Amino acid sequence: MKYRLLILLLLCTAALYPQSRKQLENQKKKLNEEIRTTTKLINQTLKSRKGAENRLVLTKQSIKQGEQYLSLLNDEITMLNHDIDSLEAARIDFENRLEYLRMQYATDIKLLYRQSKRNSFSNFIFIVSATDLNEGFRRYRYLQQVSIHRKLKAIEIKEITDTIAAQELALTSSREQKEIAMSERERQQKKLERQQRSQNQQIKNLKQKESELKKKQQKQQKQQLHLNIFVQQQCL
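Just so it is clear, the model here is predicted, and its values are computed rather than measured.

Cut-offs and rules
- Residues numbered from 1 in each chain as written.
- Predicted model: local features only at pLDDT ≥ 70, side-chain atom pairs only at ≥ 80, totals over all residues.
- Heavy atoms only, no water.
- Helix = DSSP H or I, 4+ residues; strand = E, 2+ residues; numbered from the N terminus.
- Buried < 20%, exposed > 50% of the residue type's maximum accessible area, 1.4 Å probe, protein only.
- Contact = heavy atoms within 4.5 Å.
- pLDDT = per-residue confidence, 0-100.
- Core = buried A, V, L, I, M, F, W, Y, C linked by side-chain atoms within 4.5 Å.
- Salt bridge = Lys/Arg side-chain N within 4 Å of Asp/Glu carboxyl O.
- Patch = residues over 30% accessible without salt bridge, like charges linked within 9 Å, V, L, I, M, F, W, Y side chains within 5 Å.
- Areas by Shrake-Rupley, 256 points an atom, 1.4 Å probe, with all protein chains shown as cover.
- Lys, Arg positive; Asp, Glu negative; His and termini not counted.
- Charge placed at Lys NZ, Arg CZ, Asp CG, Glu CD.
- Polar contact = N/O pair within 3.5 Å; in protein donor to acceptor, adjacent residues only side chain to side chain.

With that settled, consider the overall build of the protein chain. When helices and strands are tallied, the protein chain shows 4 helices and 0 strands. When the helices and strands of the protein chain are listed from N to C terminus, the series reads α-α-α-α. Burial status across the protein chain gives 20% buried among its 236 residues. Sequence-distant contacts, at least 24 apart, represent 88% of the contacts inside the protein chain between residues at least 6 apart.

Predicted confidence across the protein chain gives a mean pLDDT of 77, with 70% of residues reaching 70 or more. The least confident element of the protein chain, judged by mean pLDDT, is helix α1 (residues 2–15) at 44; the most confident is helix α4 (residues 133–234) at 82. Across residues 1–17 the pLDDT falls below 50, and counting only partners more than four positions away or on other chains, this stretch makes 9 contacts in the model.

Moving on, we come to the nonpolar core. Grouped together as the largest cluster of nonpolar side chains are 6 residues: L87, F94, L98, L101, I157 and I164. At the level of elements, α2 (18–118) and α4 are the ones that each hand at least two residues to this core. Counting residues per element, this core draws most heavily on α2, at 4 residues. Setting aside residues no more than four positions away along its own chain, I157 makes contact with F94, R97, L98 and L101.

Position of L169 among the secondary structure elements: in helix α4. Sequence separation of L169 and L87 is 82 residues, and the distance between their C-alpha atoms is 9.9 Å.

To continue, consider the environment of Q65. With respect to the helices and strands, Q65 occurs in helix α2. Relative accessible area serves as the criterion here: at 51%, Q65 is assigned to the exposed category. Residues Q65 and Q189, spaced 124 residues apart in sequence, show a C-alpha to C-alpha distance of 9.8 Å.

Now for the pattern of salt bridges. By the definition in use, this model includes 9 salt bridges. Between E53 and R49 there is a salt bridge, and its shortest N-O distance comes to 3.0 Å. Of this pair, E53 and R49 both sit in helix α2, separated by 4 residues, roughly a single helical turn. Judged by its relative accessible area of 12%, R49 is buried. A salt bridge links K158 to D162; its shortest N-O distance comes to 2.9 Å. With K158 and D162 both in helix α4 and 4 residues apart, this pair spans about one turn of that helix.

With that settled, consider a positive patch on the surface. On the surface, K190, K191, R194 and R197 cluster together into a patch of positive charge. On the secondary structure map, R197 appears in helix α4. A residue is classified by how much of its surface remains accessible, and R197, at 52% relative accessible area, is exposed.

With that settled, consider a nonpolar patch on the surface. A surface patch of nonpolar side chains, about 280 Å² in accessible area, is lined by I148, L152 and I155. Tracing the chain through its elements places L152 in helix α4.

As a further point, take the side chain of T38. By secondary structure assignment, the location of T38 is in helix α2. T38 has contacts with L213, K216, Q217 and Q220, leaving out every residue within four places of it along the chain.

A word on the side chain of T45. Of note, T45 is situated in helix α2. Judged by relative accessible area, T45 falls into the buried class, the value being 4%. Among the polar contacts listed, one links the side chain of T45 to the backbone oxygen of L41, at a separation of 2.7 Å. Beyond its immediate sequence surroundings of up to four residues, T45 is in contact with L206, K209, E210 and L213.

The structure is reproduced here in structure tokens:
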């Protein structure tokens, strides 16, 4: 039995020349190194792809948050527009009232002027024609109060109109600021969308590279298997 094994070993040694065996060993060594390199590249590509996918998830979240922010800004601008329209309507109404008072006051002045031309003592007569001193004083106070009331009413409406105008200006300024913020956010959204497209393309490229490397690895492993079988056959 020992002699048979010895003869088989001698035949195997004779079949493989030292130079040929060395070449096979070099091929095996080189192939193993290539497989390790390919495996390393696959792991690196996989890691890069995972990192790119994680960054893509964050980008999508940023885009979604940006859309929600834009929606809120749009709602706020819509509400501001409604408030501005309401204030503008109120301001126009009070301005019309103020204009009416001014016209009424001007009419009163014209009437008083005409009356004074006809009877310069009309107010005096209106007062002194009272039945007693108290009534005369009341008539005098009435004439004063009518004049003061109209003036005060005009001042009040003017103050209200100015207040409304100030509020309208403040709301308009707020709306402009929100419109600027919306414009800036939309610019950032476009940038994020470009970034998302770039990341999708990067992931696609990495997947393709990963697939190619795996095919290359499988081919190398087949070559390694065939080489091992060839060496074993040479020894049989």
